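Here is how the chains run, residue by residue.
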Amino acid sequence: MAAEQGGVAIKKKAAARSWILFDSRGDDTILDVDKYAIMQRVEIHARDLRILDPLLSYPSTILGRERAIVLNLEHIKAIITAEEVLLRDPTEETVVPVVEELRRRLPLSAAQNDADAPEEHESPFEFRALEVALEAICSFLDARTTELETAAYPALDELTSKISSRNLDRVRKLKSAMTRLTGRVQKVRDELEQLLDDDDDMADLYLSRKMATSPVSGSGAPNWLPASPTIASKISRASRASAATIHGNENDVEELEMLLEAYFMQIDGTLNKLTTLREYIDDTEDYINIQLDNHRNQLIQLELFLSSGTVCISLYSLVAGIFGMNIPYTWNNDHSWVYKWVVSVSGLISILVFIAIITYARHKGLVGS
């Protein structure tokens, strides 16, 4: 019985994940809750929460739901509402800078906390949280690209100066890393481009606007965290801040479009860096292939010279073999001068044949001049 209870406890512990919750006042709380509590808190479906599972491989995604934005960008896995931000695995090394930036930028200023202050230029809470996430992921990918460039360009230059197995293996690893990084950057870029191309998708991200135009849900937050005391005031501020937009054009997405466009250009610049690096690698590969072709041509020319020399020496050996036979020629006696003539003429003929072969090969362009 104790073993069964222990197994149930282990399963519950495995189901619970570490989250950090930020609210509009800048307060943050570490939570160890299961997915059902998260789903009840932010009112999303299990399929949306599955996108944030680090054990599953999902592409970069920014989804707009009725009351939340589901954000999956590389290591940044978050759920953004009009009042709160839930960030997964806040103790991870790559997520810690995002946590610090959220702590710094999410709290409202004193003027913004004042209900009577002008709110026309206040950026909605969800956009500020989204901006932090986009800035973090763009900076992260740009830093990885810079590191790759710093390692790749010297390695490529060294390879062009000396072709060796070590240099080739080093460049091969860098090229594989570049291909993987390019795919990651391309996924983020494609997601931003898809959002920018669809006004309806961008409109779904205006959570404050939807909250201001719809009645507040009566379902309270789960008992593991009290509801934020600023919700009512936030609704009031959001109503006033977006009144002109709501009554004028509910599909106005200019503010979000400008935000996404800025980071789209930044991630596009990172992709251009990787494209330039890929072109440099391709140019280096072409240069290496030309060098290898040149070396092969030199080996072919050397083989031609050696083969021609072998043919000429074979002719010389043939004459020597004929005259070396044990046949009683009458001129073998008292005609020692014949030996000198045979050796000289045979050698001269072999040399002339070799010169003729090389001259013909150069005339046909088989060897360099």
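Counting starts from 1 at the beginning of each chain's written sequence and moves along it residue by residue. Residue-level local features of this predicted model are given only where pLDDT is at least 70; pairs of side-chain atoms are given and counted only at 80 or more, and the full residue set underlies all totals for whole chains, interfaces and linings. Hydrogens and water are ignored here; the side-chain numbers use all heavy atoms of the structure.

(A) The UniProt feature "coiled-coil region" (unreviewed entry) in the chain, seen in detail. UniProt positions are given in the numbering used here, feature names are shortened, and annotations may be inferred rather than shown by experiment. Listed under "coiled-coil region" (unreviewed entry) in the UniProt record, and renumbered for this structure, are residues 171–198. Taken as a whole, residues 171–198 contains 93% helix and 0% strand, while its terminal C-alpha atoms sit 40 Å from one another. A helix here means a DSSP run of H or I that spans at least four residues, while a strand means a run of E at least two residues long, and both kinds are numbered starting from the N terminus.

(B) Summary view of the pairing of strand 6 (residues 84–88). Throughout, exposure labels follow a simple rule: accessible area from a 1.4 Å probe, protein chains only, divided by the maximum for the residue type, with under 20% read as buried, over 50% as exposed, and the rest as partly exposed. Most of strand 6 sits out of view: five of its five residues are buried. The alternating pattern of strand 6 places Glu-84, Leu-86 and Arg-88 and Val-85 and Leu-87 on opposite faces, both of which are buried. A pair of strands counts as paired when DSSP detects no fewer than two bridges linking them. What sits between the antiparallel neighbours strand 5 (residues 76–80) and strand 6 is a turn of three residues.

(C) Layout of the pairing of strand 4 (residues 69–73). Counting buried positions over the five residues of strand 4 gives five, a clear majority of the element. Where strand 3 (residues 61–64) lies against strand 4, four bridges are found, and the strand directions are antiparallel. Each residue of the ladder has a partner; that of Ile-62, found in strand 4, is Leu-71. Where strand 3 folds back onto strand 4 in an antiparallel hairpin, the turn is made up of four residues. Linking two consecutive strands that pair antiparallel, namely strand 4 and strand 5, is a turn of two residues; a positive phi of about 55 degrees is found at Glu-74 within it.

(D) Structural context of a negative patch on the surface. Residues qualify for a patch when their relative accessible area is over 30% and they have no salt bridge, like charges being joined within 9 Å and the nonpolar side chains of Val, Leu, Ile, Met, Phe, Trp and Tyr within 5 Å. Accessibility throughout is a Shrake-Rupley quantity obtained with a 1.4 Å probe, and a residue counts as covered only by protein chains that appear here. Put simply, a salt bridge is a Lys or Arg side-chain nitrogen that is within 4 Å of an Asp or Glu carboxyl oxygen. Counted charges follow a simple rule, with Lys and Arg positive, Asp and Glu negative, and His plus the chain ends left uncounted. The atom standing in for a charge is NZ when the residue is Lys, CZ when it is Arg, CG when it is Asp and CD when it is Glu. Taken together, the side chains of Glu-66, Asp-199, Asp-200, Asp-204, Glu-254, Glu-255, Glu-257 and Glu-261 make up a negatively charged region of the molecular surface. Among the elements of the structure, helix 8 (199–203) and helix 12 (254–323) are those that each provide at least two residues to the negative patch. Broken down by element, the negative patch gets its largest block of residues, four residues, from helix 12. Take Asp-204: it is sitting in the loop between helix 8 and helix 9 (207–213). Residue class for Asp-204 comes out partly exposed when judged on its relative accessible area of 31%.

(E) Here's a closer look at the nonpolar core. Counting 60 residues, the largest nonpolar core has Ile-62, Leu-71, Leu-87, Leu-130, Leu-256 and Leu-260 as the members making the most contacts within it. It only takes one pair of heavy atoms within 4.5 Å for two residues to be counted as in contact. In this structure Ile-62 touches Ile-69, Val-70, Leu-71, Leu-73, Leu-134, Glu-191, Leu-192, Leu-195 and Leu-205, once residues within four positions along its chain are discounted. The next biggest cluster of nonpolar side chains, apart from the first, holds 17 residues, and it includes Ala-37, Leu-49, Leu-63 and Leu-86. Here the nonpolar core consists of buried residues drawn from Ala, Val, Leu, Ile, Met, Phe, Trp, Tyr and Cys, with membership extended through side-chain atoms lying within 4.5 Å.

(F) Helix 4 (residues 96–105), seen in detail. Of the residues making up helix 4, those classed as buried are Val-98, Val-99 and Leu-102. Summarising the axial view, the buried residues of helix 4 lie within an arc of 100 degrees, below the 170-degree limit, and thus occupy one face. Helix 4 presents Pro-97 and Arg-104 as exposed residues on the side facing more than 90 degrees away from its buried surface. In this description, one arc is meant: the one made by directions from the helix axis to the C-beta atoms.

(G) Layout of unusual backbone geometry. A positive phi angle is found at Glu-74, which is not glycine, with a value near 55 degrees. Summarising the element assignment, Glu-74 is placed in the loop between strand 4 and strand 5. Residue Glu-74 is classed as partly exposed on the basis of its relative accessible area, which comes to 22%. One non-glycine residue, Asp-89, adopts positive backbone phi at about 50 degrees. Within the element layout of this structure, Asp-89 appears in the loop between strand 6 and helix 4. Residue Asp-89 is classed as buried on the basis of its relative accessible area, which comes to 16%.

(H) Looking closely at the packing of helix 6 (residues 125–161) against helix 12. A fitted line through C-alpha atoms serves as each axis, taken over the contacting stretch for helices, and the angle formed by two N-to-C directions is quoted from 0 to 180°. Where helix 6 contacts helix 12, the axes come no closer than 10 Å and their chain directions differ by 15 degrees. Overall, the two elements helix 6 and helix 12 adopt an arrangement that is roughly parallel. Our pair here, helix 6 against helix 12, has a crossing hand that is left-handed. Under this grouping Gly is polar, as are all residues other than the nonpolar Ala, Val, Leu, Ile, Met, Phe, Trp, Tyr, Cys and Pro and the charged Asp, Glu, Lys and Arg. In terms of residue class, the contact of helix 6 with helix 12 is made up of 21 nonpolar, nine polar and seven charged. Reported orientations rely on four angle classes, namely roughly parallel under 35 degrees, roughly antiparallel over 145, roughly perpendicular from 65 to 115, and oblique for the rest. Each helix crossing is assigned a hand: it is left-handed if the near helix lies turned anticlockwise from the far helix by less than a right angle, otherwise right-handed if that turn is clockwise.

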